[in-house]
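# Per-entry structural report
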Amino acid sequence: VQLVESGGGMVQPGGSLRLSCAASGFTFSSYDMSWVRQAPGKGPEWVSVINTGGGSTYYADSVKGRFTISRDNAKNTLYLQMNSLKPEDTALYYCARLVAGTEEYDYWGQGTQVTVSS
């Protein structure tokens, strides 16, 4: 199993970024997937989750209305569109695979850094 995030970078407040997570080594379409972030000096924070088919999505209150999670099962790729970015969104963003039927993660990517600063 491999999860590889990309798309991070430095952006000014109010800007946008689109993160991608390329999945391999497993049947991507069979697993719910999440984005989780970790800011410097803080613990992990769940950001969003999407079900296997992409029809159900949920967001943390801190990103609701600004971030959109999506997936392309044909391309084995998970996405996170981030708009109206704030300095408090600065973190290392990870994609993670959910263990079926649970809220636990069994595989994580290496993370991609998002820095929001003027």
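In short, a report on the structure.

What counts as what
- Residues numbered from 1 in each chain as written.
- Predicted model: local features only at pLDDT ≥ 70, side-chain atom pairs only at ≥ 80, totals over all residues.
- Heavy atoms only, no water.
- Phe/Tyr/Trp six-rings, centres within 6.5 Å; stacked < 30°, edge-to-face > 60°.
- Buried < 20%, exposed > 50% of the residue type's maximum accessible area, 1.4 Å probe, protein only.
- Lys NZ or Arg CZ within 6 Å of the ring centre and 35° of its normal.
- Pairing = 2+ DSSP bridges.
- Helix = DSSP H or I, 4+ residues; strand = E, 2+ residues; numbered from the N terminus.
- Axes fitted to C-alpha atoms, helices over the stretch in contact; angles between N-to-C directions.
- Core = buried A, V, L, I, M, F, W, Y, C linked by side-chain atoms within 4.5 Å.
- Salt bridge = Lys/Arg side-chain N within 4 Å of Asp/Glu carboxyl O.
- Contact = heavy atoms within 4.5 Å.
- Polar contact = N/O pair within 3.5 Å; in protein donor to acceptor, adjacent residues only side chain to side chain.

Per the stated rule, a full pass over the model turns up four aromatic pairs. Both rings, one in F26 and one in Y31, keep their centres 5.4 Å apart while their planes meet at 85°; by these two values the pair is edge-to-face. The class of F26 is buried, set by a relative accessible area of 15%. On the basis of relative accessibility, which here comes to 23%, the residue Y31 falls in the partly exposed class. Directly above the aromatic system of F28 lies the positively charged group of R71, at a separation of 4.3 Å from the ring centroid. A cation sits over an aromatic face here: R97 above F26, 4.8 Å from the ring centre.

What follows covers the sheet that holds strand 3 (residues 17-24). In spatial order, the strands read 1-3-8-7; together these four strands make up an open sheet with antiparallel pairing. Edge strands, defined here as strands with exactly one partner in the open sheet, are strand 1 (2-6) and strand 7 (67-72). Looking at each pair of strands side by side, their axes are set apart by 15° on average, direction ignored. Examined bridge by bridge, strand 1 and strand 3 share five bridges and lie antiparallel to one another. Bridged to S6 within strand 3 is S20.

In terms of burial, strand 4 (residues 33-38) is largely enclosed, as five of its six residues are buried. Across six bridges, strand 4 lies against strand 5 (residues 44-50) in antiparallel orientation. Across the sheet, residue Q38 finds its bridge partner in strand 5, namely P44. Counting the residues between successive antiparallel strands, the hairpin from strand 4 to strand 5 contains five residues, one of them, G41, with a positive phi of roughly 80°. Where strand 4 and strand 9 (residues 91-98) come together, six bridges link them in antiparallel fashion.

Taken residue by residue, a regular strand's side chains alternate between the two faces of the sheet. The pairing of strand 5 with strand 6 (residues 57-59) spans three bridges and is classified as antiparallel. Note that in strand 6 the partner of V49 across the bridge is Y58. The turn joining strand 5 and strand 6, which pair antiparallel and follow one another in sequence, is formed by six residues; a positive phi near 85° is taken by G54.

What follows deals with the nonpolar core. Core analysis: the largest hydrophobic core is formed by 26 residues, its most contacted members being W35, F67, L78, L80, M82 and Y93. Looking at this core, the elements with two or more residues in it are strand 3, strand 4, strand 5, strand 7, strand 8 (77-82), strand 9 and strand 11 (112-116).

We now examine the pattern of salt bridges. On inspection of all chains with the given rule, the structure shows five salt bridges. A salt bridge links K64 to D61; its shortest N-O distance comes to 3.1 Å. The exposed category is assigned to D61, whose relative accessible area is 66%. One salt-bridge network, in which partners are shared between bridges, spans R37, E45, R66 and D89.

Within the secondary structure, Q81 is located in strand 8. The sequence separation of Q81 and V63 amounts to 18 residues, and the corresponding C-alpha distance is 11 Å. Look past the residues within four positions of Q81 in its chain and what remains in contact with it is S16, L17, R18, R66, F67 and T68. A polar contact of 2.9 Å, which involves the side chain of Q81, links it to the side chain of N83.

None of this, on its own, says anything about what the molecule does.
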